[in-house]
Structures are given as C-alpha cells and as structure tokens.
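Structure at a glance
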Amino acid sequence: MKQIFRRRAALWPALLFFVALAGCGPARTVDAVVELPEEPKLVALTFDDGPRRATTTRLLDGLAQRGVHATFFLIGSQVEYQQDVVQRMDREGHQIGIHTFDHVELTELNHADFSAQVDTTRALLKQTLGHNDFLLRPPYGLLDESVKQWAGCPIILWSVDPEDWKDRDADRVVQAVVSACRDGSIILMHDIYPESVDAALEIVDQLHAQGYLFCTVDELFAARSLPLEAGQVYSNAYP
Ligand SMILES: [Zn+2]
C-alpha cells in the first residue's frame with residue numbers, strides 16, 4: 001500500500017505541470033529553479049621548518065583521517081635522516097617544497113652559498129622522492145632580485161600567518177586562522193610544535209564545517225587557472 005501511495009504522490013507534480021501548461025489552472029509563474037553548484041572555497045595549509053618525526057607524523061595521521069592534502073616546506077638538514085617521513089608525505093598526496101638546508105636568510109648569500117642551501121636541498125629531495133618539482137619558501141619570507149633569479153622554481157609566501165611559534169597557544173592560533181581565512185588563502189604554520197599540530201587539525205575541522213576544501217599549493221593555483229612560474233612570488237590565490 002505504501003508503495004502505491006508513493007507512486008501516486010509522485011504523479012502529482014507531473015499532473016500540476018500539465019494543468020499549468022494547458023492554461024486551465026491558477027496562473028503560476030515558473031522561474032528558472034536550476035541552481036548552479038557554488039564554487040567551493042579553497043585554502044592551502046602550509047607547514048615550514050620540518051620534518052620533525054613526532055609532530056609531523058601525528059599531523060600526517062590527522063590529515064589522512066580528514067582526507068586533507070597540505071604543502072610542506074622542508075629543511076634539508078632535517079630531511080637527511082627522516083627520508084621515510086618525507087616519502088610518506090609524498091605518497092599520501094602532500095606537496096613538498098624547499099625551505100633551505102639550514103634555515104638561513106637567503107638575501108645574505110652569494111650565488112654559491114645560495115646554491116648550497118637551495119640546490120643541495122633540491123638534490124636531496126630529488127634523491128629521496130625521485131622527482132624534481134619542488135617549490136621554494138625562503139625563511140622569514142626574505143627575498144630580493146637575486147633570490148628570484150636563482151630560485152629555479154616558483155616562490156611561495158603566505159596570506160594568513162597566525163605566528164604559531166610565538167606563544168604555542170592552540171586556541172589562539174585556531175581563532176587567528178579561522179577569522180582571517182578566505183577563499184584562496186595560503187596559511188603558514190609550523191609542524192614542529194605539538195600545539196601547532198593540535199591547532200592545524202582543529203582548523204581543518206572548523207573550516208570544513210564552513211565549506212572550505214583543503215588542497216596543495218599546486219592544486220590551489222591550478223583550480224584558479226593561475227600558472228605558477230619560476231622566480232615569481234605568490235602569496236594567495238584570491239579570486
Ligand atoms: Zn622557517
């Protein structure tokens with residue numbers, strides 16, 4: 001019986017449509033009701049200064065549980081003895097970038113020293129991962145014309161910086177990021193502090209609830225049809 005009732009009920013809209021079409025029902029305006037799906041809000045979560053085995057591994061676990069891909073700007077001297085962590089990042093769909101070998105100010109260097117910091121890290125990552133398409137984030141965001149000329153890849157800065165290293169207060173960091181985040185933001189955090197890992201996972205949960213999708217830096221710019229070019233500087237993909 002239930003099934004029959006449902007079938008009959010399903011006939012009603014069709015019936016009303018034909019009545020309206022025949023012009024013998026009450027006058028009804030049929031507006032275009034087709035709604036296009038809203039463009040998703042995109043955001044890129046980026047982490048500097050790692051990897052640090054304990055905190056980075058816990059972050060990777062949390063991101064995997066949430067189906068989120070992030071971008072990691074790595075210190076070459078940390079990569080050397082944690083290649084398995086870096087391989088896991090790559091295998092799980094995260095993007096990898098260079099953050100120099102020893103976390104130095106790139107603007108202070110001549111070409112040979114720049115190369116020892118950036119090209120050496122690039123070679124180490126290539127040897128670790130088997131590909132060679134790494135972004136660069138200069139420590140402290142410091143850059144000049146030489147850095148752009150020698151980078152050999154796109155230079156990625158950020159648009160949301162909660163300064164998570166300052167007080168290691170997860171609640172404050174969550175609040176700072178969630179209130180400042182907008183479609184196309186690049187968030188800067190550090191995966192070397194336990195509180196930053198706590199904050200990052202809470203940020204993912206809160207921004208997911210607001211309809212944001214998390215993607216890597218490459219995916220963010222590709223989704224906006226913005227090409228990333230070597231030696232150019234990018235800090236957001238705002239529409
Ligand atoms: Zn750094």
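Because the structure is predicted, anything quoted here is derived from the model rather than measured. (Residues numbered from 1 in each chain as written. Predicted model: local features only at pLDDT ≥ 70, side-chain atom pairs only at ≥ 80, totals over all residues. Heavy atoms only, no water.)

Quick word on the side chain of D164
Within the secondary structure, D164 sits in helix 7 (residues 164-167). The charged side chain of D164 is buried without a salt bridge, its nearest counter-charge being R172 at 7.0 Å. Looking at D164, its side chain comes within polar contact range of the side chain of S196, at 2.7 Å. (Helix = DSSP H or I, 4+ residues; strand = E, 2+ residues; numbered from the N terminus. Buried < 20%, exposed > 50% of the residue type's maximum accessible area, 1.4 Å probe, protein only. Lys, Arg positive; Asp, Glu negative; His and termini not counted. Salt bridge = Lys/Arg side-chain N within 4 Å of Asp/Glu carboxyl O. Polar contact = N/O pair within 3.5 Å; in protein donor to acceptor, adjacent residues only side chain to side chain.)

Brief notes about the nonpolar core
Judged by nonpolar contacts, the single largest core of 48 residues is most densely connected at F72, I187 and M189. It is helix 9 (residues 194-209) that provides the largest number of residues to this core, a total of seven residues. Excluding anything up to four places from it in sequence, F72 contacts F47, T56, L59, L60, L63, M89, H94, Q95, I96, G97 and D191. Counting twelve residues, the second-largest nonpolar core is a separate cluster that includes V217, L220, F221 and A237. (Core = buried A, V, L, I, M, F, W, Y, C linked by side-chain atoms within 4.5 Å. Contact = heavy atoms within 4.5 Å.)

A look at the coordination of the zinc ion
Octahedral six-donor coordination of a metal ideally yields angles of 90 or 180 degrees, compared with 109.5 degrees for tetrahedral four-donor coordination. Taken together, the protein donors to the zinc ion comprise D49 (OD), H99 (NE2) and H103 (NE2), at separations of 2.1 Å. For H99, a relative accessible area of 2% translates into the label buried. Residue classification places H103 among the partly exposed positions, given a relative accessible area of 23%. (Donors = N, O, S within 2.8 Å, 3.2 Å for Na, K, Ca; no water.)

Some words on the pattern of salt bridges
Per the stated rule, a full pass over the model turns up eleven salt bridges. Residue D167 pairs with R172 through a salt bridge whose shortest N-O separation is 2.5 Å. Residue classification places D167 among the partly exposed residues on the basis of a relative accessible area of 39%. In this structure R172 comes out as partly exposed when scored by relative accessible area, which is 29%. Taken together, the shared-partner salt bridges in this structure form one network comprising D61, R88 and E92.

Some words on the packing of aromatic side chains
Within the structure shown, the criterion is met by three aromatic pairs. In this structure, K41 packs its charged tip against the face of Y212, placed 4.6 Å from the ring centre. (Phe/Tyr/Trp six-rings, centres within 6.5 Å; stacked < 30°, edge-to-face > 60°. Lys NZ or Arg CZ within 6 Å of the ring centre and 35° of its normal.)

Focus: unusual backbone geometry
For the bond from G50 to P51, the omega torsion is 0 degrees, close enough to zero to count as cis. Relative to the helices and strands, P51 is located in the loop between strand 1 (41-50) and helix 2 (53-66). We note that S225 has phi near 55 degrees; this positive angle belongs to a residue other than glycine. Residue S225 is classed as exposed on the basis of its relative accessible area, which comes to 62%.

So, to be careful, I would describe these as geometric facts and stop short of saying anything about function.
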